[in-house]
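What the coordinates show
Now for the letters of each chain:
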Amino acid sequence: DGGITQSPKYLFRKEGQNVTLSCEQNLNHDAMYWYRQDPGQGLRLIYYSQIVNDFQKGDIAEGYSVSREKKESFPLTVTSAQKNPTAFYLCASSRGEWEQFFGPGTRLTVL
Amino acid sequence: AQSVTQLGSHVSVSEGALVLLRCNYSSSVPPYLFWYVQYPNQGLQLLLKYTTGATLVKGINGFEAEFKKSETSFHLTKPSAHMSDAAEYFCAGGGTSYGKLTFGQGTILTVHP
């Protein structure tokens, strides 16, 4: 079955640590996205990539980094510079139409 | 600035009653509009989408939405609510940049027996 996988489902981070969230898709989509979701704030775009080896900052990129070395993969690193990283993180992909397909999400908690 | 506004962060209905979730978009948002549903601790699932053509869009699970350009609205409806419809619903609009979407704040739907 085609789809988007995210791992891990739950992640705990100590203050000062960097952590990497995985996102993989086998839909052959060109574009991939990372969103952060906080209660009552909807989804906010962190980074997006329209093509391999290229990505752009979204609305809240500070404290995050990404890479796009393969079409199928778009990992997100939450760095120690992100002061309030506890949130639900969603990865999505699309093939050029506006419709985006979402993964199941990763819940990150800072201890 | 582009914006998508969902009126009402919480909506409560009785099972079998009409569901109406409201969404308005700013005129700067291109008319690519979507409704997504999210169940607790899960990703978003597409309910329906409007791109061009017919203004009444039918989606999955009996939901539909009507695109009204004059009112800049894209409200989601379902004639008869079911307990399984309880979830959070997001309206989203296409941005000016390739593939970027602007999301509303979300509306949590509660269905009472």
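Structure: see above.
Structural notes, computed from the coordinates. The shown structure was predicted, so the numbers you read here are calculated from the model rather than taken from an experiment.

Here we come to the environment of S94(A). Residue and element names in this part refer to chain A. Relative to the helices and strands, S94 is located in strand β9 (residues 87-94). Taking the C-alpha atoms as reference, S94 lies 6.6 Å from D30; in sequence the two are 64 residues apart. Those residues within four positions of S94 in sequence are excluded, and the remaining contacts are H29, D30, A31, Y33, E99 and Q100. Among the polar contacts listed, one links the side chain of S94 to the side chain of Y33, at a separation of 2.8 Å.

Quick look at empty space enclosed by the protein now. The method is simple in principle: a probe with the dimensions of a water molecule rolls over the atoms, and the space it marks as empty is what remains. Per the counting criterion, the structure on display carries one cavity of 30 Å³ or more. Estimates place the volume of the largest cavity at around 30 Å³. Looking at the largest cavity, the residues that line it are K9(A), Y10(A), F88(A), P104(A), G105(A), R107(A) and N41(B). The residue inventory of the lining of the largest cavity, partitioned by class, reads three nonpolar, two polar and two charged.

Next up on the list: the side chain of K78(B). Residues and elements named next belong to chain B. If you trace the backbone, K78 turns up in strand β8 (residues 73-78). For K78, a relative accessible area of 11% translates into the label buried. Of the polar contacts made by the side chain of K78, one reaches the backbone oxygen of N61; its length is 3.0 Å. Within polar-contact distance, the side chain of K78 engages the side chain of D85 at 2.9 Å. Discounting chain neighbours no more than four positions away, the residues touching K78 are A17, L18, V19, N61, G62, F63 and D85.

Rules and cut-offs
Residues numbered from 1 in each chain as written. Chains lettered and ligands numbered in written order. Predicted model: local features only at pLDDT ≥ 70, side-chain atom pairs only at ≥ 80, totals over all residues. Heavy atoms only, no water. Helix = DSSP H or I, 4+ residues; strand = E, 2+ residues; numbered from the N terminus. Contact = heavy atoms within 4.5 Å. Polar contact = N/O pair within 3.5 Å; in protein donor to acceptor, adjacent residues only side chain to side chain. 1 Å grid on protein atoms, 1.4 Å probe; cavity = no way out; pocket = protein on both sides within 12 Å on 5 of 7 lines; lining within 4 Å. Points joined across faces, edges and corners; volume = space filled by probe spheres on them. Nonpolar A, V, L, I, M, F, W, Y, C, P; charged D, E, K, R; others polar. Buried < 20%, exposed > 50% of the residue type's maximum accessible area, 1.4 Å probe, protein only.

Function-wise, these values are silent; they only describe arrangement.
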